[in-house]
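# Examination of the molecular architecture
As a plain string of letters, each chain reads:
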There are 2 protein chains.
Amino acid sequence: MNTFAIGVDLGATKIKTGAVDTKGNVFDRVAADTKASKGPTTVINQILYTISVLCSRCNQSECMGIGIGAPGVVSLDGNVVSHPPNFSDWTEVDLKDAISKVHSLPISVDNDANVAALAEAKYGAGVNQKDFLFVIWGTGVGGGIILDRKIFHGPSGGAGEIGHISIDYNGPLCNCGNRGCIESYIGQRYLSQRTREILEAMKINGRTSNIEQLVNGNLDKIEPSIISQAAEQGDQSAIGILQEAGELLGYALASVFNVLDLNVAVIGGGISAAPQFVFQAIESSTRSRVLKPHQNHIQVLRANLGNNAGIIGAASLVM
Amino acid sequence: MNTFAIGVDLGATKIKTGAVDTKGNVFDRVAADTKASKGPTTVINQILYTISVLCSRCNQSECMGIGIGAPGVVSLDGNVVSHPPNFSDWTEVDLKDAISKVHSLPISVDNDANVAALAEAKYGAGVNQKDFLFVIWGTGVGGGIILDRKIFHGPSGGAGEIGHISIDYNGPLCNCGNRGCIESYIGQRYLSQRTREILEAMKINGRTSNIEQLVNGNLDKIEPSIISQAAEQGDQSAIGILQEAGELLGYALASVFNVLDLNVAVIGGGISAAPQFVFQAIESSTRSRVLKPHQNHIQVLRANLGNNAGIIGAASLVM
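### Let's talk about the sheet that holds strand β5 (residues 73-74) of chain A
Residues and elements named next belong to chain A.
- Across the sheet, which stays open at both edges, the 3 strands sit in the order β5-β6-β7 with antiparallel pairing between neighbours. Whereas interior strands pair on both sides, the edge strands pair on one side only; in this sheet they are β5 and β7 (92-94).
- Alignment of β5 against strand β6 (residues 80-82), held across 2 bridges, turns out to be antiparallel. Across the sheet, the residue bridging to Val 74 is Val 81, located in β6.

### Structural notes on the interface of chain B and chain A
- Every contact between the two is made by 38 residues of chain B and, on the other side, 38 residues of chain A.
- Together chain B and chain A conceal approximately 3100 Å² of surface at their shared face, both sides included; 57% is due to carbon and sulfur atoms.
- Here chain B and chain A share 18 residue pairs in polar contact (both at pLDDT 80 or more) between them.
- If you list the elements that add at least two residues to the side of chain B that touches chain A, you get β10 (141-147), α8 (236-260) and α9 (276-289) of chain B.
- Here the side of chain B that touches chain A takes 7 residues from α8 of chain B, the largest share from any one element.
- Per-class residue counts for the side of chain B that touches chain A are 18 nonpolar, 13 polar and 7 charged.

### What to know about the relation of the copies chain B and chain A
- When chain B is fitted to chain A, the residual RMSD is 0.0 Å, and the transformation amounts to a turn of 180 degrees plus an axial shift of 0.0 Å. This pairing of chains is accounted for by a two-fold axis. Considering only C-alpha atoms, the residue of chain B closest to the rotation axis is Asp 168 of chain B, which sits at 2.0 Å.

### A short note on helix α5 (residues 188-204) of chain B
Residues and elements named next belong to chain B.
- End to end, α5 covers 25 Å across 17 residues, agreeing with the expected 24 Å (1.5 Å per residue, within 8%).
- Residues of α5 that are buried include every one of Leu 191, Ser 192, Thr 195, Arg 196, Leu 199 and Met 202, and no others. One face of α5 carries all of its buried residues, which in axial projection span an arc of 140 degrees. Relative to its buried face, α5 has exposed residues pointing more than 90 degrees away, namely Arg 189 and Ile 204.
- The secondary structure elements touched by the buried residues of α5 are β9 (132-137), α4 (183-186), α6 (210-214), α7 (224-232) and α8.

### A look at the pattern of salt bridges
All names here are of chain A.
- Counted by the stated rule, this structure contains 18 salt bridges over all chains.
- For Arg 57, the salt bridge identified is with Asp 28, shortest N-O distance 3.0 Å. In this pair, Arg 57 sits in helix α1 (residues 40-57) while Asp 28 sits in strand β3 (residues 26-33), placing the two residues 29 residues apart along the sequence.
- Among the residues examined, Arg 57 registers a relative accessible area of 47% and is labelled partly exposed.
- Overall, the relative accessible area of 19% leaves Asp 28 in the buried class.
- Two residues, Glu 212 and Lys 203, come together in a salt bridge whose shortest N-O distance is 3.8 Å.

### Here's the deal with the pairing of strand β12 (residues 264-268) of chain B
Residues and elements named next belong to chain B.
- Counting buried residues in β12 gives 5 out of 5 residues, a clear majority hidden from the surface.
- Burial of β12 is two-sided: the residues Val 264, Val 266 and Gly 268 facing one way and the residues Ala 265 and Ile 267 facing the other way are all buried.
- Sheet topology note: the β9/β12 ladder contains 4 bridges and is parallel. Across the sheet, the residue bridging to Leu 133 is Ala 265, located in β12.
- For β12 and strand β13 (residues 299-302), the ladder comprises 4 bridges, and the chain directions are parallel.

### Details of the packing of helix α8 (residues 236-260) of chain A against α8 of chain B
- Orientation of α8 of chain A relative to α8 of chain B, taken along the N-to-C sense of each, is 75 degrees, at an axis distance of 11 Å. What the angle tells us is that α8 of chain A and α8 of chain B run roughly perpendicular. Here Val 256, Val 259 and Leu 260 of chain A of α8 of chain A lie close against α8 of chain B, whose contacting residues are Val 256, Val 259 and Leu 260 of chain B.
- Looking at the contact of α8 of chain A with α8 of chain B residue by residue, the classes come out as 6 nonpolar, no polar and no charged.

### What about the packing of aromatic side chains?
- Enumeration according to the criterion identifies 11 aromatic pairs over all chains in this entry.
- A ring pair is formed by Tyr 169 of chain A and Tyr 251 of chain B, whose centres lie 5.2 Å apart and whose planes are at 20 degrees; its orientation type is stacked. You can see Tyr 169 of chain A sitting in the loop between β11 (150-152) and α4 (183-186) and its partner Tyr 251 of chain B sitting in helix α8, one on each of two chains. Here Tyr 169 of chain A matches Tyr 251 of chain B in class, with each residue buried.
- Here the aromatic rings of Phe 4 of chain B and Phe 27 of chain B are separated by 5.6 Å at their centres, their planes lie at 80 degrees, and the arrangement is edge-to-face. On the criterion of sequence distance, the pair formed by Phe 4 of chain B in strand β1 (residues 4-10) and Phe 27 of chain B in strand β3 (residues 26-33) is long-range, its members being 23 residues apart.
- The exposure class assigned to Phe 4 of chain B is buried, which follows from its relative accessible area of 3%.
- Given the relative accessible area of 46%, Phe 27 of chain B is considered partly exposed.
- Clustering of aromatic rings is evident, with ring pairs tying together Tyr 169 of chain A together with Tyr 185, Tyr 190 and Tyr 251 of chain B.
- The ring of Tyr 251 of chain A is capped by Arg 289 of chain A, whose NZ or CZ atom sits 4.2 Å from the centre of that ring.

### As for the pairing of β10 of chain B
All names here are of chain B.
- Most of β10 is tucked away: 7 of the 7 residues are buried.
- Every second residue of β10 is oriented toward a common face, with Val 141, Gly 143, Ile 145 and Leu 147 on one face and Gly 142, Gly 144 and Ile 146 on the other, all of them buried.
- Adjacent in sequence and paired antiparallel, β9 and β10 are bridged by 3 residues.
- Where β10 hands over to strand β11 (residues 150-152), the hairpin turn is made up of 2 residues, of which Asp 148 adopts a positive phi near 55 degrees.

### Concerning the state of the cysteines
- Applying the stated rule across the entire model yields 0 disulfides over all chains.
- No disulfide involves Cys 63 of chain A; its sulfur sits 6.0 Å from the nearest other cysteine sulfur, which is in Cys 55 of chain A.

### Notes on unusual backbone geometry
- In the Ramachandran plot, Asn 216 of chain A falls in the positive-phi region, its phi being about 50 degrees despite a non-glycine side chain.
- Within the fold, Asn 216 of chain A resides in the loop between α6 (210-214) and α7 (224-232).

### Section: the sheet that holds strand β5 (residues 73-74) of chain B
All names here are of chain B.
- Strand order across the open sheet formed by 3 strands is β5-β6-β7, with antiparallel pairing between neighbours. Either end of the sheet is taken by a strand with one partner, and the two such strands are β5 and β7 (92-94).
- With 3 bridges connecting them, strand β6 (residues 80-82) and β7 associate as antiparallel partners. Along β7, the bridge assignment pairs Ser 82 with Glu 92.

What counts, and at which threshold
- Residues numbered from 1 in each chain as written.
- Chains lettered and ligands numbered in written order.
- Predicted model: local features only at pLDDT ≥ 70, side-chain atom pairs only at ≥ 80, totals over all residues.
- Heavy atoms only, no water.
- Pairing = 2+ DSSP bridges.
- Helix = DSSP H or I, 4+ residues; strand = E, 2+ residues; numbered from the N terminus.
- Contact = heavy atoms within 4.5 Å.
- Buried area = accessible area lost by both parts, 1.4 Å probe.
- Polar contact = N/O pair within 3.5 Å; in protein donor to acceptor, adjacent residues only side chain to side chain.
- Nonpolar A, V, L, I, M, F, W, Y, C, P; charged D, E, K, R; others polar.
- Least-squares fit on C-alpha atoms with pLDDT ≥ 70 in both.
- Expected span 1.5 Å × (residues − 1).
- Buried < 20%, exposed > 50% of the residue type's maximum accessible area, 1.4 Å probe, protein only.
- Arc of directions from axis to C-beta.
- Salt bridge = Lys/Arg side-chain N within 4 Å of Asp/Glu carboxyl O.
- Axes fitted to C-alpha atoms, helices over the stretch in contact; angles between N-to-C directions.
- Parallel < 35°, antiparallel > 145°, perpendicular 65-115°, else oblique.
- Phe/Tyr/Trp six-rings, centres within 6.5 Å; stacked < 30°, edge-to-face > 60°.
- Lys NZ or Arg CZ within 6 Å of the ring centre and 35° of its normal.
- Disulfide = S-S within 2.5 Å.

Put into structure tokens, the structure is as follows:
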């Protein structure tokens, strides 16, 4: 009887591999360093190591297969992973083939954002949503599109790059070369930078913020999670910063919703731990900007699988 | 033998109905006033009139069916047409049912922009493109999405509203209530308004433009086709205006391409008669703003079915 699948969440620093049952519960897990700087062969061996540890502890005859969520571009056939960011010497690697050489189980590979979107669709905040946009708001801004409960890959597998919707063609320069991408407003680096600027301006006026205390005065340590924590403590500057960021994200969502005929966003990534007002800010901003037929249907939901989304979604690929 | 289909292009002022062979040629046609101000019953009778005239001249036993391209939102099942702009007393009308009562042929209804996109996909500029974005640049800016040679309708039939991608969240107020929609920059009214402003500023500096001569000094008569004509005559102000409009459209396309994983746009509507430099401006602007994996694949093509796209696409629905 097939009772579980193995999900591999391949990150640039850690590989998190789990055994996931058919209800989406992770009942066993193994982690290892990715060793991304040592090249693809080492990374593949690390992946294989985590799988073999798990397999040794499970009944392999009940395993449906191995799913892998990988950064970078994954070919439409789910074989080749290209240019994962922060992986040395990794141009194009047939990851499916490499794992297949060792394991005879069914193997499926997809992009990490798509896999997290699938997890939320099957077991998380999106279970009651046939169609939605999944947004990962963290270091960068990424996403996945769920249509009819399935991942929408686009013609060549690259769909869902919602971080690179531009909300101002004269806006700040983004890493990608475009201007005004939503990532260049609310991605971790920008948000931290903007917070530093605000705190420095406050200092001049003799005002302080909880954020400063949370980083013991070292403004270089500001991260979205810190801003979020300060906002929860009621800090007005932190609340203002997250509120504004949420509004900006709403503008990007409105454009995407108009083109794709969507009404629902599920927001994951680091920000999914943020206070509820951030989600309300995104939702009301989106609603104020979409075309009339959408306005009464807009919903912005908090992802609820947290860090497990990668493992669960990867396992879902073979369930 | 099935050799042709009937396509109905339902516009707010004219109904254009044609008999279309399996190669996409319109070999017979009938037009009538829509009489949209007289309500749905009158409009439906006008449609039926054009169909009956065509049928009386064709061999009905060879007809595959009747396709209709309608403005407004068309329900996913292709039955109900809701809120077509500039049609009086038309909230929701089951157009398929109304035509079925008179004709026993297969009947299919879809949105007019989708239908034009399908025509370009099957017989026009998109025949070699599996996936592309179709843009109608005219009075407004609309569009349709072709994925795997089929119309992508979205979850509720409203996909493709590329006119309401915002390129500046602080930009000009659009009819839809949002700010900075690409339609609010390059739709007919904006483009005409901007041209008037430029000509008035030129006058103050003692300079003239061919545009002014083409409208005999009556600046209220400026339309995109006039600007286009002046540009063809080498008028620098007209060239500048269209160049800038093309660049702005490119910014919107880049965002859509990033999210949908597309590389190709086919541009139809009034502007499809514009000089080639406009298409080059759109293409190079899009290329400069999309994510790296797309940059070498960007193509912006001129639609080539002109005013026939509506009839041909509608007929294609039942072929």
